[in-house]
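# Inside the fold
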Amino acid sequence: MNEEIAQLSRALGEHLASKGWMFSCAESCTGGLLAAAMTDIPGSSQWFDRGIVSYSNAAKEDLLDVHADTLERFGAVSEETAMEMAAGVLANAPLSHMAISTTGIAGPDGATPGKPVGMVCFGFATRAGQGVVTRAETRVFQGDRQAVRTAAVKFALSTALGFTPSS
């Protein structure tokens, strides 16, 4: 594992443990790399609950409660879908307090107008009171398929470290 990813995973794990929180993720374009990075850290069972790889639209609907209308209107690679993925994993993981989702176009093909290769949408969700707070971000990463996926994991981890609402 990349040393920077290991450091970010360790830092996020320590942050989660300090709050007594559990973490889950829902991945599409990263194909389990985020979950692998988190569980590579010794002691991760104290703060890692589950990871779901939902590559197909059907999996996003079935496993994460992403609405068919969202997929039709905005596409699988969209901030709307990313937020529903993150909220959906929390809805199906009652022990988790924080979730990250990734959905994008890792390449080398698959680009469509307005959605270039390297575009990744991220969803971040945390429990707050009786509900869930979500937000999304989109980034376009350069490089080959592996470079895009690695950059996406780094971005997801570093952004999650700064996303902690007041709950």
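Everything below is about the structure printed above this text.
This report concerns the structure included in the present document. (Residues numbered from 1 in each chain as written. Predicted model: local features only at pLDDT ≥ 70, side-chain atom pairs only at ≥ 80, totals over all residues. Heavy atoms only, no water.)

### Side note on the nonpolar core
Put simply, the rule reads: Remark: nonpolar core denotes a set of buried residues (Ala, Val, Leu, Ile, Met, Phe, Trp, Tyr, Cys) joined through side-chain atoms within 4.5 Å. Burial classification: accessible surface area is computed with a 1.4 Å probe over protein chains only, and a residue below 20% of its type maximum counts as buried, one above 50% as exposed, and the rest as partly exposed. Strands here mean DSSP runs of E at least two residues long; helices mean DSSP runs of H or I at least four residues long; both are numbered from the N terminus. Two residues qualify as a contact provided that any one of their heavy atoms is within 4.5 Å of a heavy atom in the partner residue.
If you look at the biggest cluster of nonpolar residues, it comprises 29 residues, and the most contacted ones within it are Leu12, Leu16, Phe23, Leu34, Met38, Phe122 and Leu157. Breaking this core down by element, the ones donating at least two residues are helix H1 (3-19), strand S1 (23-27), helix H2 (33-39), strand S3 (98-104), strand S4 (119-128) and helix H6 (145-161). Looking at this core element by element, the count peaks at seven residues for H6. Not counting the four nearest positions on each side in its chain, Leu34 is found in contact with Phe23, Cys25, Glu27, Ile100, Val153, Ala156 and Leu157. With eleven residues, the next largest nonpolar core counts Met85, Ala86, Val89 and Ala125 among its residues.

### Concerning the sheet that holds S1
What counts is decided by this rule: Strands pair, by our definition, only if DSSP identifies at least two bridges between them. Each axis is a line fitted through C-alpha atoms, taken for helices only over the stretch in contact, and angles between the N-to-C directions span 0 to 180 degrees.
Taken together, five strands build an open sheet; the order of strands is S2-S1-S3-S4-S5 and the sheet is mixed. The open sheet terminates on both sides in strands that have one partner only, identified here as strand S2 (48-53) and strand S5 (131-140). With direction set aside, neighbouring strand axes in the sheet form an average angle of 15°. Across the sheet, helix H5 (residues 79-91) touches S1, S2, S3, S4 and S5, and the angle it forms with S4 is around 40°.

### Section: H6
Filter applied, for reference: To estimate how far a helix should reach, multiply one less than its number of residues by 1.5 Å.
With 17 residues, H6 should cover 24 Å at 1.5 Å per step; its first-to-last C-alpha distance of 25 Å lies within 8% of that length. Those residues of H6 lying buried are Val148, Arg149, Thr150, Ala152, Val153, Phe155, Ala156, Leu157, Thr159 and Ala160.

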